[in-house]
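Listed below, chain by chain, are the residues.
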Amino acid sequence: MALLVQKFGGTSVGTTERIEAVADKVCRFRALGHDIVVVVSAMSGETNRLIALADAIMEQPVPREMDVLISTGEQVTIALLSMALQKRGCDARSYTGSQVRILTDRSHTKARIRQIDEQRMREDLSAGRVVVVAGFQGVDDLGNITTLGRGGSDTTAVALAAALKADECQIYTDVDGVYTTDPRVVDSARRLDRITFEEMIEMASLGSKVLQIRAVEFAGKYNVPLRVLSSFQEGDGTLITLEDNTVMEQPVVSGIAFNRDEAKLTISGVPDTPGSALRILKPISSANIEVDMIVQNVGADNRTDFTFTVHRNDFRRAQEVLEQVGRDLGAREVNGDTKIAKVSIVGVGMRSHAGVATQMFEALSNEGINIQMISTSEIKISVVINEKYLELAVRALHSAFDLHRPGGEA
Ligand code: ADP
Ligand code: ASP
Ligand code: MG
């Protein structure tokens, strides 16, 4: 008999009927004799609704109050699921993050888990109860409610699995596993039986929202067996694993990730002197704006053009800061573009293959798609393109790297 942590996402608990279906599923696992800790998200759309309420009151609400507000969605679902379980004769108890003592740091709206007191859960499990825990939330050392960032219920589940040394952490969602790319964008996307932690971390950080990146990092660090499965249909889903050296024909590219959340800023004609990059980026980081991709190019006139991307939510502020920097440095001009998208190919197989970038650029060029920025690491290549070509680019790359075929490209 196993100890399982099972997490059900927003769509999976989106209506009371679906909550009843989750209860049926959990009861079936209980009937097999497994010990179960369930983590639930808020009903789908609820967290967005709560954020919109806050926005209606003020532009930048105090993060502490934001957490008090947005943590309420999960409190509703733990109670409803526990009732549905009890109705089925399956003893269950609900807990908020604070009650189960998911202790976090004090960074409201993006808190990190520091410690979990698993004693209370163990007592319930020994008494034969299903433990139902609210995802996405914790409590800091001062007793304030904190939240873990959007999609944070995944991280709650993995953290509980690590604390309890669970046999598996199962993430039940509205797709039946991790696909070669978002199956809602590419019809021929294929479910992967396995993906490595490293690849999954890249996919998540480059925009595949199927798992929150912190959850994958946490699972990798604490060696938590992690699986993504469907709430609605049977199947083995996708297992996130350590690198598998026994697979002879590792595909070069395992998946394609993309995101539309970034915007691009360019400051051109900056005198090319030591420290110019610092003078451009320091005010941006002082404004607490994170920079993702960076490209610098020196022209013949000893002046440099500097382009970087930020989250779209930070675009306006970044533009204001950069315009001031432009005036201070005597730059020629400052431009911005919010209509960009980032597309990335990911695969541990790239390590041992040359020419992957060429193949990627060729596929995009064949479709007449212009590449605006490029960045690479050992197991990924990302490009920035015009947002309107995003779906075309993802489909072209999916087919160029044969991702629709099992085993992909060897
Ligand atoms: P939940 O509410 O269960 O946490 P999410 O919406 O956070 O679910 O994540 C599931 C969604 O992730 C899917 O509906 C799918 O559109 C999207 N997704 C993006 N990339 C991928 C991928 N590579 N494989 C599977 N799903 C993906
Ligand atoms: N309800 C939170 C969100 O929508 C957390 C989660 O669903 O994982 O981001
Ligand atoms: Mg999610």
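Everything discussed here concerns the structure shown above.
Bear in mind that the values here come from a model prediction, so they are computed numbers and not experimental data.

Draft legend 1. Spatial organisation of the site of ligand 2. Ser-41, Thr-47, Glu-74, Phe-136, Arg-150, Gly-151, Gly-152 and Ser-153 make up every residue found near ligand 2. Measuring from an oxygen atom of ligand 2, one finds a side-chain N or O atom of Ser-41 at 3.0 Å. Residue Gly-152 places a main-chain N or O atom 3.4 Å away from an oxygen atom belonging to ligand 2. Taken by itself ligand 2 offers 260 Å² of open surface, and the protein chains cover 86% of this. Looking at the shell around ligand 2, its residues break down into one nonpolar, five polar and two charged.

Draft legend 2. Representation of the side chain of Thr-241 within the structure. Relative to the assigned elements, Thr-241 resides in strand β12 (residues 238–241). In this structure, Thr-241 is in contact with Arg-194, Ile-195, Thr-196 and Phe-197, ignoring residues within four places of it in sequence.

Draft legend 3. Spotlight on the sheet that holds strand β11 (residues 226–230). Strands sit in the order β3-β6-β2-β1-β9-β11-β12-β10 across an open sheet of eight strands; the sheet is mixed. Edge positions in the open sheet fall to β3 (92–95) and β10 (194–196), since each of these has one partner strand only. Here the average twist between neighbouring strands, direction ignored, is 20 degrees. Pairing of strand β1 (residues 3–8) with strand β2 (residues 35–40) involves six bridges; the strand directions are parallel. Within β2, the position partnered with Lys-7 by the bridge is Val-39. Here helix α1 (residues 16–31) sits on the sheet in contact with β1, β2, β6 (130–134), β9 (168–173) and β11, set at roughly 170 degrees to β1.

Draft legend 4. The arrangement of the site of ligand 1 in detail. As a matter of local geometry, ligand 1 sits amid 17 residues, with Thr-173, Asp-174, Tyr-179, Asp-182 and Arg-184 nearest to it. Here an oxygen atom of ligand 1 sits 3.4 Å away from a polar atom, N or O, in the main chain of Lys-209. For the shell around ligand 1, the residue count by class is six nonpolar, six polar and five charged.

Draft legend 5. Highlighting the environment of Arg-30. Note that Arg-30 resides in helix α1. On a C-alpha basis, the gap between Arg-30 and Met-373 in space is 51 Å, while along the polypeptide they are 343 residues apart. In this view, Arg-30 contacts Asp-35, Ile-36, Cys-90, Gly-128 and Val-130; residues no more than four positions away in its chain are not counted. Reaching out from Arg-30, the side chain makes a polar contact with the backbone oxygen of His-34 at a distance of 2.7 Å.

Draft legend 6. A look at the pairing of strand β16 (residues 303–311). Pairing of strand β14 (residues 262–271) with β16 involves eight bridges; the strand directions are antiparallel. Directly across from Lys-264, in β16, lies its bridge partner Thr-309. By the bridge criterion, six bridges tie strand β15 (residues 291–298) to β16 in an arrangement that is antiparallel. Residue pairing for β16: Ile-294 is matched across the bridge by Phe-308. Adjacent in sequence and paired antiparallel, β15 and β16 are bridged by four residues, among which Asn-302 carries a positive phi angle near 60 degrees.

Draft legend 7. Structural view of the sheet that holds β14. Taken in spatial order, the four strands make up an open sheet running β15-β16-β14-β17, and their pairing is antiparallel. The open sheet has two free edges, formed respectively by β15 and β17 (333–337), since each of these has just one partner strand. If you compare each strand with its neighbour and ignore which way they point, the axes differ by 15 degrees on average. Set on the sheet, helix α9 (residues 276–286) makes contact with β14, β15 and β16; between it and β16 the angle comes to about 25 degrees. Along the sheet face, helix α10 (residues 315–329) touches β14, β16 and β17 and points at about 0 degrees away from the line of β14.

Draft legend 8. Looking closely at unusual backbone geometry. Of note in this structure, Asn-223 is not a glycine but carries a positive phi near 55 degrees. Locating Asn-223 in the fold gives a position in the loop between α8 (213–221) and β11.

Draft legend 9. α10, seen in detail. Spanning 15 residues, α10 covers 20 Å between terminal C-alpha atoms, matching the ideal 21 Å at 1.5 Å per step. Residues of α10 that are buried include every one of Phe-315, Ala-318, Gln-319, Val-321, Leu-322, Val-325, Gly-326 and Leu-329, and no others. Along the long axis of α10, the arc covered by the buried residues comes to 165 degrees, so they all point the same way. The exposed residues of α10 that point more than 90 degrees off its buried face are Arg-316, Glu-320, Arg-327 and Asp-328. Here the buried face of α10 lies against β14, α9, β16 and β17. The first or second residue beyond α10 is Gly-330, which carries a positive phi of 70 degrees.

Cut-offs applied
- Residues numbered from 1 in each chain as written.
- Chains lettered and ligands numbered in written order.
- Predicted model: local features only at pLDDT ≥ 70, side-chain atom pairs only at ≥ 80, totals over all residues.
- Heavy atoms only, no water.
- Near = heavy atom within 4 Å.
- Polar contact = N/O pair within 3.5 Å; in protein donor to acceptor, adjacent residues only side chain to side chain.
- Areas by Shrake-Rupley, 256 points an atom, 1.4 Å probe, with all protein chains shown as cover.
- Nonpolar A, V, L, I, M, F, W, Y, C, P; charged D, E, K, R; others polar.
- Helix = DSSP H or I, 4+ residues; strand = E, 2+ residues; numbered from the N terminus.
- Contact = heavy atoms within 4.5 Å.
- Pairing = 2+ DSSP bridges.
- Axes fitted to C-alpha atoms, helices over the stretch in contact; angles between N-to-C directions.
- Expected span 1.5 Å × (residues − 1).
- Buried < 20%, exposed > 50% of the residue type's maximum accessible area, 1.4 Å probe, protein only.
- Arc of directions from axis to C-beta.

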